[in-house]
Amino acid sequence: MKRFSDVTAADGLDLTVNDREYLCLLGPTGAGKTTALRVIAGLTVPDEGKVLFDGREVTHLEPEKRNAVLLSQTYSLFPTMTVAENIMFGPDIRKVPEKDKEQMLFSLLDLVRLTSRADSYPRELSGGMQQRCALARAIATSPDVLLLDEPLRALDARLRIDLRRDLKSLARTLGLTVVHVTHDQDEALVMADRIAIIRAGRIVQVGTPAEVFDEPVSPFVANFVGQSNFFTGTVVHSGPEGSVVEDEAGNRVKARPTDVAVGEKAVLAVKVGHTHLLKLDAAALKGKIERMLFEGRVVHVDVDVAGAGRFSAKIPSSYRGRYQVGDDVGIGWNRNKAKVFPYPEGGLENELKVD
Amino acid sequence: MGSSDKLLEFISGRGFRKGWTAFNIIFFLSFIILPTVFILSSAVTDWSDIQEHVLSDPATMDLIISAVVVSFEIAAIVTVIDFVAGLPVAWMMARKEFRGKQFLDTLIDMPLAVPTAALGFSAAIFWAATPNPPPFSLSAISSPMLLIVLLHVVFSYPYMVRSLTAILGGIDETYETAGRTLGASRLTAVRTITLPLFRAGLVTGAILCFARSLSETGGTIIALATLYGRKMVEGDFQTGPTLIGLWKDASVADPTLVPALTFVSILLIILALVLLVVLKVAIMKVRVPLRKVWPSPEKLLSRGLFPKIKDTSAILFLLIVVIVPSFFIFTYVLTGTPSDADWNPFIDALVTSFVVASVVTAIDLATGIPMALYIAKNRTSKLSQLLDVFVNIPLIVPTAALGFSLGRFWNTVDPAAMPPIVLIILSHVAFTYPLVVRNVVGAVEGIDPAYEETARTLGAKPLQSFRRVLLPMIKGSILAGAIMAFTRSLGETGATLAVVANANTAPVFIVNLVNDQSYYLAAMACIILIIISYVFMLLLRRFTREEVV
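Residues numbered from 1 in each chain as written. Chains lettered and ligands numbered in written order. Predicted model: local features only at pLDDT ≥ 70, side-chain atom pairs only at ≥ 80, totals over all residues.

A.B. asks: Sorry, what's going on with the overall build of chain B here?
C.D. replies: When you go through chain B residue by residue, the secondary structure sums to 25 helices and zero strands. Out of the 549 residues belonging to chain B, those deemed buried represent 46%. Pairs at least 24 residues apart make up 83% of the contacts formed inside chain B by residues separated by at least 6 positions. (Helix = DSSP H or I, 4+ residues; strand = E, 2+ residues; numbered from the N terminus. Buried ≥ 20, exposed ≤ 12 C-beta atoms within 10 Å, placed from the backbone. Contact = placed C-beta atoms within 7 Å.)

Pasting the structure below:
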């Protein structure tokens, strides 16, 4: 646990990272992701709690003795050194013999495709090259764990998507253990072996990308990893085949089986991508199209349902002629895609807040 | 593991690092701050002496009061003149591109290359109405007050222009552009939008000018001695620091002057510290009712001839009031009559000055850099904030008062232990130390801590990450601080005279030559000092330019 005066930045952060695992620490800005990373690296000493590497306590060990390399958001390539000098910084410090160093530099430059830029200075490199150079520098020390703090944030949108693949395959080839901090859920879903969702300094869920997407443990996770629609009401039926939730306006919708008891206040979550526009007579929920946003491949449709709030859905672009703003439409979903949670104590809005 | 590795391991340990930081803080407090303000304690311990010899002696009181008042008057007038004359030039430097900008840039810094003792002599023979004026001199001024104001403008002007240029360069021009697209004339936009934004730069510039003027001793003594054509005596025009110099010299024979010296030093230190606070508050807090706009007259003043007149007169001021008096001494030597002389004493003095300046710079670097690192890296700690304020104290305190206080302090500690040269070195360390610390703090704060953190996670020990990562990035600023400290020490008169009455450094030597009316020798000595300082100045410019951003 790390406290900054009165603010607790990371509290109850229990997390185990497996060997050779690519773990994404996913959470909104200010959730304590970077603090967690700094505690692992030894740059911040926690007020309480322990950091263990292979069962050995390292909580108060100096950063240089941990072999946990941090790659900061801005890469921190040393501006006074060339690409080659940057990459060889770690081996230099460790006094690796000259001959081995040369060999190592050669293969690392090749690995990150910077052989022709070995004598350039960091400021002469493009954003993508800088990122690869920083990565090579980190790998050169053969770290026990590689700590990446939003490593793709400073890049253009397009490059970012290309580099996701590069980074992941590099980590896999070299058998690295990686903790990758990000606030971008797409990035986490694509890259991670496991995702740890962090919120207000606490880990709320750890699981494979499919698990956190399909089986969120709270409305917050449901919404943060792939946006969700929410329906607030009371559980009126619960059985092995599924449950039914009814709101004050009398709308009834179906969901998966739930542990929430009949009569309890509950909130049903269903991913926007699993929400469909239906014909009026076939639907349990009816509303009016409020807004349509053309997003290229799909069209984002917001539907206002009287008494139940706004529901969003994505329809293929080719269907966009079929609907217009102001049309009455039905809303529905496969009951197996909808999950029921107990109504959050602080209210739904509070639960979904990302800061 | 070799012995060098073991040493590195030991130095990198948490225990050693804490101890090292503590050592540097203790050095700073006990060797710099405490001696600087030690004299204040005399107000309590020696009160009866002060009562007897000073407060109950109206003649002495008159001398002290008038000297201190004159000092503050001069400093205030000089600061205002610097601001008015410096603002247009700072504006040109920060905002305009023109041919010869590089040249103007060099020109502004020129007076900094001239030690104030040399500057005082050079300016005095240019302005002052002396019995035998050298050719081409104006030889027009017979008022000592006016002469000293003109002299102080010369060496404080670069500080004001530099501070204002730095802050103007940092203010986003788009605010002003926005104001102008909304219909304001250039003058209105600048006056109501940009000027209020640069109060911080104004505070820095004003404090630097004020402190510099308040502190100046050597140049002032020389200028006055040149004007009078003889060594100064008690009844002459005096500023606070010249009075300290005069009495310190006399106190060797007449110890009853010590309480008076103590009193004037206390007065100068307290007033300087109070002023530091007042100036800061006044400029930052006082709201000048400048919201009102006068569209048509301001529009008129924004166009045509007026801006040209403003720029031209600012440049003319720079040339005639600042540059020509600084270097007038060269014409004097070319046209003066050479006289045979024994140069050995001057060479001795020069060697002493160099030894002092080198040792002082080495001490400044060894203890100032760790202090700067501590201040810059622990911004949130109360101790660091306190030290940050304390570091400025020796910059503000007039060096003559500082020197006297420091001399008294070490005398109290152990009268026998401190040979004069050590006292001189300690007093110079006190007022040059802030120059190194300020430069390094500024540089370190501009550098992302992530560089060093990354180096640590890559396996570098703290010392290695400092030497290999941070040091190459702040090298320029360290050198800049070192060269500033070196030249300030080389040119200092006030502190030297106040700590040891019969010191033998180059500036003091020049003061003595002028007192003896050996003007030709004095001029030659000044020129040698100027050339040496100028070489250092060139080095400074080169190193600060090369810094990697």
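Next comes the rest of the account.
A.B. asks: Teacher, can you tell me more about the overall build of chain A here?
C.D. replies: When helices and strands are counted, chain A shows 10 helices and 20 strands. On the principal axes, the C-alpha backbone points of chain A span a range of 75 × 50 × 35 Å. Here chain A, with 355 residues, has 39% of them falling under the buried criterion. If you take every contact in chain A between residues at least 6 apart in sequence, the share linking residues at least 24 apart comes to 66%.

A.B. asks: Looking at this structure, I do not really get the interface of chain A and chain B. What am I missing?
C.D. replies: Quoted interface sizes are often the accessible area lost when the parts come together. Counting residues at the interface gives 19 residues for chain A and 17 residues for chain B. Only β6 (68-71) and α3 (89-93) of chain A provide two or more residues apiece to the side of chain A that touches chain B. Split into classes, the residues belonging to the side of chain A that touches chain B amount to 10 nonpolar, six polar and three charged. (Nonpolar A, V, L, I, M, F, W, Y, C, P; charged D, E, K, R; others polar.)

A.B. asks: Can you help me understand the nonpolar core in this one?
C.D. replies: One finds Leu147 and Leu268 of chain A together with Phe121, Ile510 and Ala525 of chain B to be the most contacted residues of the largest nonpolar core, which totals 247 residues. It is helix α20 (residues 420-445) of chain B that contributes the most residues to this core, 15 residues altogether. Not counting chain neighbours up to four residues away, the residues in contact with Ala525 of chain B comprise Phe346, Ala506, Phe509, Ile510 and Leu513 of chain B. (Core = buried A, V, L, I, M, F, W, Y, C linked by C-beta atoms within 7 Å.)

A.B. asks: Please clarify how the pairing of strand β8 (residues 178-182) of chain A should be interpreted in this entry.
C.D. replies: For a regular strand, side chains alternate in direction, first toward one face of the sheet and then toward the other. All names here are of chain A. By the criterion of burial, β8 is predominantly enclosed, with five of the five residues buried. Here strand β3 (residues 22-26) runs beside β8; their pairing, made up of five bridges, is parallel. Bridged to Cys24 within β8 is His180. Two elements, strand β7 (residues 145-149) and β8, share four bridges in a ladder whose sense is parallel. The partner of Leu146 across the bridge, within β8, is Val178. For the handedness criterion, the β-α-β arrangement of β7, helix α6 (residues 157-174) and β8 is classed as right-handed. (Pairing = 2+ DSSP bridges. Right-handed = clockwise from strand over helix to strand, strands pointing away.)

A.B. asks: When you look at helix α5 (residues 127-139) of chain A in this model, what are you seeing that I'm missing?
C.D. replies: Spacing of three or four residues puts side chains on the same side of an α-helix, whose turn is 3.6 residues. Residue and element names in this part refer to chain A. The first and last C-alpha atoms of α5 sit 19 Å apart over 13 residues, in line with the 18 Å expected at 1.5 Å per residue. The element α5 is largely enclosed, with a buried count of 10 among its 13 residues. Gln130, Gln131, Arg132, Cys133, Ala134, Leu135, Ala136, Arg137, Ala138 and Ile139 are the residues of α5 that are buried. Buried residues along α5 sit in contact with β6, α2 (83-87), α3, α4 (98-111), β7 and α6. (Expected span 1.5 Å × (residues − 1).)

A.B. asks: Looking at this model, I keep getting lost on the environment of Phe78 of chain A. Mind explaining?
C.D. replies: Within the fold, Phe78 of chain A resides in the loop between β6 and α2. Those residues in contact with Phe78 of chain A that lie beyond four places of it in its chain are Asn86 and Phe89 of chain A together with Tyr451 and Val469 of chain B.

A.B. asks: Looking at this structure, I do not really get the sheet that holds strand β18 (residues 309-316) of chain A. What am I missing?
C.D. replies: Paired through backbone hydrogen bonds, the strands of a sheet run either parallel or antiparallel to each other. Residues and elements named next belong to chain A. Across the sheet, five strands lie side by side as β15-β19-β16-β17-β18; this open sheet has antiparallel pairing. The sheet is open, and its two edges are formed by β15 (276-278) and β18, each paired on a single side. Strand-to-strand twist in this sheet, taken as the mean axis angle between neighbours without regard to direction, amounts to 50°. In this structure, strand β17 (residues 298-305) lies alongside β18, joined through eight bridges in antiparallel fashion. The residue of β18 that forms the bridge with Val299 is Ile315. (Axes fitted to C-alpha atoms, helices over the stretch in contact; angles between N-to-C directions.)

A.B. asks: It is not clear to me how the packing of helix α17 (residues 344-377) of chain B against helix α22 (residues 462-491) of chain B should be interpreted in this structure. Could you clarify?
C.D. replies: What describes two packed helices is the angle between their axes and the distance between those same axes. Residues and elements named next belong to chain B. One can describe the packing of α17 onto α22 by two numbers: an axis separation of 9 Å at closest approach and a directional angle of 145°. Seen from above, α17 lies across α22 with right-handed handedness. The segment α17 lies against α22, with Ser353, Val356, Ala357, Val360, Thr361, Asp364, Leu365 and Ile369 engaging Ile478, Ala482, Ala485, Phe486, Ser489 and Leu490. Here the residues of the contact of α17 with α22 sort into 10 nonpolar, three polar and one charged. (Left-handed = near helix turned anticlockwise from the far one by under 90°.)

A.B. asks: Just to check I follow, could you spell out the confidence of the model for chain A for this structure?
C.D. replies: Interpreting fine coordinate detail is not advised for predicted regions of low pLDDT. Residue and element names in this part refer to chain A. Looking at chain A, pLDDT values average 88 and 96% of them are 70 or higher. Mean pLDDT in chain A bottoms out at strand β1 (residues 2-4), which sits at 41, and peaks at α2, which reaches 95. When the criterion is pLDDT under 50, residues 1-8 qualifies, and its contacts beyond four places in sequence or with other chains add up to 18 contacts. (pLDDT = per-residue confidence, 0-100.)

A.B. asks: Hey, could you run me through the domain arrangement of chain B in this one?
C.D. replies: Residue and element names in this part refer to chain B. Domain boundaries in chain B define domain 1 (13-41 + 340-549) and domain 2 (46-336). Using C-alpha coordinates to define each centre, domain 1 is positioned 23 Å away from domain 2. Opposite the 36 residues of domain 1 that make contact, domain 2 presents 42 residues. At 11 residues, the largest contribution of residues to the side of domain 1 that touches domain 2 is made by helix α25 (residues 519-546). Broken down by class, the residue content of the side of domain 1 that touches domain 2 amounts to 28 nonpolar, eight polar and no charged. (Domains from an automatic or database assignment.)

A.B. asks: When you look at the environment of Ser318 of chain A in this model, what are you seeing that I'm missing?
C.D. replies: Looking at the secondary structure, you find Ser318 of chain A in the loop between β18 and β19 (328-332). In sequence terms Ser318 of chain A and Arg297 of chain A are 21 residues apart; their C-alpha atoms lie 8.6 Å from each other.

A.B. asks: Help me understand the sheet that holds strand β12 (residues 242-246) of chain A in this model?
C.D. replies: Residue and element names in this part refer to chain A. Strand order in this open sheet of five strands is β13-β12-β11-β14-β20, and the pairing throughout is antiparallel. The open sheet has two free edges, formed respectively by β13 (252-255) and β20 (339-342), since each of these has just one partner strand. Averaged over all pairs of adjacent strands, the angle between their axes in this sheet comes to 45°, without regard to strand direction. Relative to strand β14 (residues 265-271), strand β11 (residues 228-239) runs antiparallel, the two sharing seven bridges. Counted as the bridge partner of Ser228 is Lys271 from β14.

A.B. asks: Whenever I open this one, the environment of Ile139 of chain A confuses me. Can you help?
C.D. replies: All names here are of chain A. On the secondary structure map, Ile139 appears in helix α5. Residue classification places Ile139 among the buried residues on the basis of 22 C-beta atoms within 10 Å. Between the C-alpha atom of Ile139 and that of Leu174, which follows or precedes it by 35 residues, the distance is 9.0 Å. Ignoring anything within four residues of it in the chain, the contact list for Ile139 reads Leu108 and Leu174.

A.B. asks: Looking at this structure, I do not really get unusual backbone geometry. What am I missing?
C.D. replies: Among all residues except glycine, the phi angle is most often negative; among peptide bonds, the trans geometry is most common. Residues and elements named next belong to chain A. A positive phi angle is found at Asp54, which is not glycine, with a value near 50°. Along the chain, Asp54 falls in the loop between β4 (52-53) and β5 (56-57). Its 7 C-beta neighbours within 10 Å are what place Asp54 among the exposed residues. Although it is not a glycine, Asn67 sits at a positive phi angle of roughly 60°. You can see Asn67 is positioned in the loop between β5 and β6. C-beta crowding within 10 Å serves as the criterion here: with 17 such atoms nearby, Asn67 is assigned to the partly exposed category.

A.B. asks: Would you mind showing me how to read the packing of α20 of chain B against α22 of chain B here?
C.D. replies: Residues and elements named next belong to chain B. Two elements in contact, α20 and α22, have axes whose closest approach is 8 Å; the angle formed by their N-to-C orientations is 160°. Taken together, α20 and α22 sit at an angle that is classed as roughly antiparallel. α20 and α22 meet at a crossing whose hand is right-handed. Of the residues in α22, those in contact with His428, Thr432, Leu435, Val436, Asn439, Val440, Gly442, Ala443 and Val444 of α20 are Ile474, Ser477, Ile478, Ala480, Gly481, Ala482, Met484, Ala485, Arg488 and Ser489. Partitioned by chemical class, the residues of the contact of α20 with α22 number 11 nonpolar, seven polar and one charged. (Parallel < 35°, antiparallel > 145°, perpendicular 65-115°, else oblique.)

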